[in-house]
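Here are the chains, one letter per residue:
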6 protein chains.
Amino acid sequence: MLLALSTWPEIEAFLAKSKTVVVPIGSNEQHGPTGLLGTDWLCPEIIAHEASKRSDEVLVAPTFNVGMAQHHLAFPGTIFLRPSTFMAAIGDWTRSLGAHGFTKIYFLNGHGGNVATIEAAFSEIYAEYSFRKERCPFAMKLKNWWDLDGVNALAMRQFPVGHGSHATPSEIAVTQWGYPDSIKTAEYEPKIAPTGPIREALDFRARYADGRMGSDPALATPEKGGELVEQAVVSLIKDLAAFGAEARP
Amino acid sequence: MLLALSTWPEIEAFLAKSKTVVVPIGSNEQHGPTGLLGTDWLCPEIIAHEASKRSDEVLVAPTFNVGMAQHHLAFPGTIFLRPSTFMAAIGDWTRSLGAHGFTKIYFLNGHGGNVATIEAAFSEIYAEYSFRKERCPFAMKLKNWWDLDGVNALAMRQFPVGHGSHATPSEIAVTQWGYPDSIKTAEYEPKIAPTGPIREALDFRARYADGRMGSDPALATPEKGGELVEQAVVSLIKDLAAFGAEARP
Amino acid sequence: MLLALSTWPEIEAFLAKSKTVVVPIGSNEQHGPTGLLGTDWLCPEIIAHEASKRSDEVLVAPTFNVGMAQHHLAFPGTIFLRPSTFMAAIGDWTRSLGAHGFTKIYFLNGHGGNVATIEAAFSEIYAEYSFRKERCPFAMKLKNWWDLDGVNALAMRQFPVGHGSHATPSEIAVTQWGYPDSIKTAEYEPKIAPTGPIREALDFRARYADGRMGSDPALATPEKGGELVEQAVVSLIKDLAAFGAEARP
Amino acid sequence: MLLALSTWPEIEAFLAKSKTVVVPIGSNEQHGPTGLLGTDWLCPEIIAHEASKRSDEVLVAPTFNVGMAQHHLAFPGTIFLRPSTFMAAIGDWTRSLGAHGFTKIYFLNGHGGNVATIEAAFSEIYAEYSFRKERCPFAMKLKNWWDLDGVNALAMRQFPVGHGSHATPSEIAVTQWGYPDSIKTAEYEPKIAPTGPIREALDFRARYADGRMGSDPALATPEKGGELVEQAVVSLIKDLAAFGAEARP
Amino acid sequence: MLLALSTWPEIEAFLAKSKTVVVPIGSNEQHGPTGLLGTDWLCPEIIAHEASKRSDEVLVAPTFNVGMAQHHLAFPGTIFLRPSTFMAAIGDWTRSLGAHGFTKIYFLNGHGGNVATIEAAFSEIYAEYSFRKERCPFAMKLKNWWDLDGVNALAMRQFPVGHGSHATPSEIAVTQWGYPDSIKTAEYEPKIAPTGPIREALDFRARYADGRMGSDPALATPEKGGELVEQAVVSLIKDLAAFGAEARP
Amino acid sequence: MLLALSTWPEIEAFLAKSKTVVVPIGSNEQHGPTGLLGTDWLCPEIIAHEASKRSDEVLVAPTFNVGMAQHHLAFPGTIFLRPSTFMAAIGDWTRSLGAHGFTKIYFLNGHGGNVATIEAAFSEIYAEYSFRKERCPFAMKLKNWWDLDGVNALAMRQFPVGHGSHATPSEIAVTQWGYPDSIKTAEYEPKIAPTGPIREALDFRARYADGRMGSDPALATPEKGGELVEQAVVSLIKDLAAFGAEARP
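Residues numbered from 1 in each chain as written. Chains lettered and ligands numbered in written order. Predicted model: local features only at pLDDT ≥ 70, side-chain atom pairs only at ≥ 80, totals over all residues. Heavy atoms only, no water.

- Per an unreviewed UniProt entry, chain A goes by the name Amidase and belongs to Caulobacter endophyticus.
- Checking UniProt for chain A, the heading Sequence similarities (unreviewed entry) contains the comment "Belongs to the creatininase superfamily."
- According to UniProt, the comment filed for chain A under the heading Cofactor (unreviewed entry) is "Zn(2+)". (UniProt positions renumbered as here; feature names shortened; annotations may be inferred.)

Structure below.
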């Protein structure tokens, strides 16, 4: 069930049976010569929407489609939120969902660079309750889609060499499966991109000439993407159920 | 051309011929018994995406899908940003796009409640340059989709009675055209909803029992939605061209 | 009754009979070659003070004398608040007045450029209550003095040509009536100023060489100002009474 | 010369001969049974306006009429800014004046409770330049009107007993001189109010039943107020001249 | 008793007998050619730790070791917080301590430049309660170590000439007593440093070539430091007891 | 070399030979029945100070002694900064050090709960430069002391069972070595504490009755602490040298 394509009475009815909601969250940032700028928000959206088709228990909020990507700004098309802005926005999304009675708010993340800020945002929200010596009426959980049970292991089997950490063949494969009309190709030089630290945008572009980090996106295929989505969907449904069933002390 | 389905080299190439980008912006909020929660961001997204299919000159950024909707929070499914958060986020989106060399940043808006905060956000951004006595390298423009040339007049012809101001038949018609599988029906009581002021969420729910303001959504049809989209798309393409052609003094 | 010239026991006594307060709010910004820098805060102050002389029901707070005027900064004498600062300040004024038991807080505005930020500020305040699922103990209302019943119509009759939108003959006439010792004159070239968009300060000065927008201030006279004040005062007293009488749902 | 009653060309002309501007700054807060709520902003305004009548060198900005008065909020009529808001607003006023080329920005203060926040605001502004390793193009100065040369000594002679620290006979005398139609009287019990620490608003009201601290306002007369104004005006003109003449290292 | 070297059950036990805690607070900033960069946080730490050795009633929190020192940034080693950051941090420290049930939170300060911001921070915290019309469950107190009973008088006797206001012989003497292995020497030219206003960092360095203001640090000795510490410790223990015994109205 | 016990000319001299500085950063929070509240800032301080004794190349800034510990607030003695405050403070520390010419700013961290916010703070700082399309003049690095080469492996050998994740025997051992007079003992029940998620403070206390997570602090000894410090110091000196030698692209 997609929240944005539902009415408020439908959400009211959903809340009568489940208090769990999943928010796809990612980033809109360069993904090398062939990766889509939307890769990091499209992947969790694809997986969450697919899960919602398979289970009536899965309610998917609109996708939070920009994140923390300051280091990619020297490549055209990147749009990002500063961590302070990102935290404020996550706070407002979460407070809104919490106000409706959702007690389990699950962020399915598609961008490694988001992790620190999302966790900091959770702490910022919990801190309001801690200072007031109150229980927080909801719990938040962050899960990267590649950390869903079995997904990373599959990707390592699919791409034993050249997976890397940015513009990876696994994420590109997922978008190829989801958007087969938007598959792009290029010659990669070098075949496997370099790796190193992440700092400000000009430093990033100086280190990573075409935007990739450690990856060989040429390995991606829509079929491999479909396998990854399949594994992720099954695991997501289980993980959401477990989170929803969790009792609080 | 959809930015999220493009690569950074494609955006770099686009920038060589045009410096204009359109950002669909809306809200995720209750729209009465039958309106989709996503109505206000789906409408500008539908129109902008349709325009991008018709013209190579139209580059569409990802949709900014939550906005200022605090008054709707007492209806399940609403997600909103406080104005201060909304302003910060618009600022970061705009600074990101500006950094790539876009000089004309056009927000196609789908929610009346956003207007004040978006304009305040523009002023906040311009003020940085004003304090530094510098020219701002980009211009921002806000346009509600119903204010595109000819659109509101068409809606008034389509719905001479019962258009109202929230959960209107025109916006619902647009989403019916865009999402024909998600058309919902209900009995409306009263047929035309009441009108009045907008204050905090509990006040709003006390005044507007089912969430509508002054509207009769039963009048919406996908066909009327298609007509509205057609008019909006033609006018949007013209308005973007005019904005892009505008010289600065 | 002027709040600043009252004592706290007098305000306590006033609150026993009325919970309504009016705050004149404007801007301190250039108004062309002859308009006073204070025009936009002097006009609502003149009108509100005059109303307080005529009715014991009218309590006037001190004037909020700076607002959102970043675009005028390239003209000497302009002082402005960024929207984020302006919102914070309006919030503190309002929370202060609300703490005393005022339930109807009415901002009589003198600057079009303030409207967006004031409305955003109202939403920011209401949002605190919406997130907490509480009723807001007070209602806020924004009214531009020229939107008071009959005022704009009178101005259109007085100045059928050359009214414009900044440094207008109507606002200048009001200050001429209020401050007859501070009437300034100049040759205007062109007689009627140009119009166009509003962006950052240097852009504004490049477009509007002497600071006017679309106006011919030479048309202003103290007499016309007196007529405008008379109309505004009568309408303000009625509008305040209606706002004060409004019940909440 | 009053900035608000001037035009931008007049301020431009003033800047050609002087770069100094004075901003009256105070607070709108309870001042005991008989003190005006505006006392703390009226006093510096009265003094600065009087100085501007006597010297062409004295340019007076609009009055900053609310300040840091959280402790007075339990008495009706008090309006205050939180220190964070107050600092932001002082910053925007100062940056605006600095943008016009004023190099000496002088705040004539009427409220002891403002001092800490104003000084913190100055530091916040200077810090922007310090972090950037740049010279700040303007200097700021804070002066309480009672600290102007000779003023406090005069007040101690006028009111050797019962001056106190809030709702003092000296500040009330100044407003009696400035607003002779708004002189209020009451029986004070006790004659001289108690003193003690300042904390949150309910604590303040519990300690200081009628709002005074250590003062006997019955001692105030318009004549004594006139003497204080006279002394303050003479000293202000000198102090402004000295500040304006100060060279930077 | 040092909080950082205690366990939470020990603090729980302490709270059963006392609700008072002292927070040494200072700054890390240049102190002339021979003063330690940590002088301003070391002095209150030395005094508070010594007091805790002498009285079981004295509980000392960790030292807040950076403060408002923007003006010293042009000298290497200075680390400072902007006032807005400093206020936020003081707020979080205080709210944390208040959450544990401390009702008397005493800041022993070592830097004059901190005073304004710390007081503003107190007001910011109190304002939260004032706006909500609630009692604040704790009281805050700021005391500079040199303002402890008898300390400044002793310093004036020790250093009748050349005490000055920054890099003073008294503060340097205290650190010499506390850190006898870190005593530095230099030739001072001039012997007594100049005085003047404090503005941004480059202005400061232009005025005060070696960082001192009005002082002759050559006068400092560890013995004089020991005398100052002795006086301060005795007075601090008394002052804390008096603050702890203070009843609220 | 300890920055706080140095003078500014000494830091100026240090900068002539090295641009690297290490900031110990931790948290002041409960560490179970026997762990010191300061454990998380004492550990990196102990290690960094020891390293500075062994190498003239190691310059240690004052310790940043509070961090993100909202979840521990239900245990007395915990003091924490909200992530937004923590980020602002890290920003000001870093900008200060950067202003002096340090190009490598190394945070030696002692608290896992800090990692997300510190990384978000780094991104916030880098983003300023990314938006301005400028190189950041300094690089920041975060290293947990247990992640220094060989340290965690040693801890796993020392404590193969019962290490856990909070109030671990390794961190307690380090403080026992550093503060042998502050070793506390208690009966632990259960011997090894439970594990689970981290949410707001009341949730934390409900899950972890005495504050430990997964650990058996009874295993700690000062000798094991000494071994850990020895390993950490050697690795820290190497890691700082490598960071200092790193060239930017």
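### Comments concerning the relation of the copies chain B and chain A
Moving on, step 1. At an RMSD of 0.0 Å, chain B and chain A line up after a rotation of 180° and a shift of 0.0 Å along the axis. The symmetry that links the two subunits is that of a two-fold axis. Residue Thr85 of chain B, judged by its C-alpha, is the member of chain B lying nearest the rotation axis, at 3.4 Å.
Moving on, step 2. Of the interface residues in chain B, 100% have counterparts in chain A that sit at the interface too, so the contact is made through matching surfaces. (Least-squares fit on C-alpha atoms with pLDDT ≥ 70 in both. Contact = heavy atoms within 4.5 Å.)

### Remarks on the pattern of salt bridges
Moving on, step 1. Following the criterion strictly, the structure yields 96 salt bridges over all chains and no others.
Moving on, step 2. The closest approach of N and O atoms between Glu246 of chain B and Arg199 of chain C, which form a salt bridge, is 2.6 Å. One end of the pair, Glu246 of chain B, is in the segment after α8 (222–245); the other, Arg199 of chain C, is in the loop between α6 (169–178) and α7 (201–207), on a second chain.
Moving on, step 3. Accessibility expressed as a relative area gives 29% for Glu246 of chain B, which makes it partly exposed.
Moving on, step 4. Linking Arg95 of chain D and Glu128 of chain D is a salt bridge whose minimum nitrogen-to-oxygen distance equals 2.4 Å. Remark: Glu128 of chain D occurs in helix α4 (residues 115–132) and Arg95 of chain D occurs in helix α3 (residues 83–99); sequence separation between them is 33 residues.
Moving on, step 5. Since its relative accessible area comes to 16%, Arg95 of chain D is described here as buried.
Moving on, step 6. One salt-bridge network, in which partners are shared between bridges, spans Glu50, Lys53, Arg54 and Glu230 of chain A. (Salt bridge = Lys/Arg side-chain N within 4 Å of Asp/Glu carboxyl O. Helix = DSSP H or I, 4+ residues; strand = E, 2+ residues; numbered from the N terminus. Buried < 20%, exposed > 50% of the residue type's maximum accessible area, 1.4 Å probe, protein only.)

### Thoughts on unusual backbone geometry
Moving on, step 1. Following Glu189 of chain D, the chain continues to Pro190 of chain D via a peptide bond in cis, the omega torsion being 0°.
Moving on, step 2. Positionally, Pro190 of chain D belongs in the loop between α6 (169–178) and α7 (201–207).
Moving on, step 3. Even without a glycine there, the phi angle at Lys133 of chain B is positive, about 55°.
Moving on, step 4. Mapped onto the fold, Lys133 of chain B is located in the loop between α4 (115–132) and β3 (139–144).

### Overview of the environment of Thr175 of chain D
All names here are of chain D.
Moving on, step 1. Structurally, Thr175 is set in helix α6.
Moving on, step 2. Separated by 71 residues in the primary sequence, Thr175 and Glu246 have C-alpha atoms spaced 32 Å apart.
Moving on, step 3. Leaving out residues up to four positions away in the same chain, Thr175 has contacts with Leu36, Thr39, Leu42, Cys43, Ile46 and Pro180.

### Describing the interface of chain B and chain A
Moving on, step 1. At the junction of the two partners, chain B supplies 52 residues and chain A supplies 52 residues.
Moving on, step 2. Of the roughly 4,000 Å² buried where chain B meets chain A, counting both sides, 64% is carbon and sulfur surface.
Moving on, step 3. The interface formed by chain B and chain A includes four salt bridges.
Moving on, step 4. Between Asp92 of chain A and Arg82 of chain B there is a salt bridge, with the nearest N and O atoms lying 2.9 Å from each other.
Moving on, step 5. The tally of links from chain B across to chain A stands at 26 residue pairs in polar contact (both at pLDDT 80 or more).
Moving on, step 6. Elements that contribute at least two residues to the side of chain B that touches chain A include exactly α1 (8–15), α2 (39–54) and α3 (83–99) of chain B.
Moving on, step 7. In terms of residue count, the dominant contributor to the side of chain B that touches chain A is α3 of chain B (nine residues).
Moving on, step 8. Here the residues of the side of chain B that touches chain A are counted per class, giving 28 nonpolar, 16 polar and eight charged. (Buried area = accessible area lost by both parts, 1.4 Å probe. Polar contact = N/O pair within 3.5 Å; in protein donor to acceptor, adjacent residues only side chain to side chain. Nonpolar A, V, L, I, M, F, W, Y, C, P; charged D, E, K, R; others polar.)

### Notes on the packing of α6 of chain C against helix α8 (residues 222–245) of chain C
Residue and element names in this part refer to chain C.
Moving on, step 1. For the pair α6 and α8, the least separation of the axes is 7 Å and the interaxial angle reads 95°. Classified by the angle their axes make, α6 and α8 are roughly perpendicular. For the pair α6 and α8, contact is made by Ser170, Ala173, Val174, Gln176 and Trp177 and by Pro222, Lys224, Gly225, Gly226, Leu228 and Val229, respectively.
Moving on, step 2. Of the residues contributing to the contact of α6 with α8, the split by class is six nonpolar, four polar and one charged. (Axes fitted to C-alpha atoms, helices over the stretch in contact; angles between N-to-C directions. Parallel < 35°, antiparallel > 145°, perpendicular 65-115°, else oblique.)

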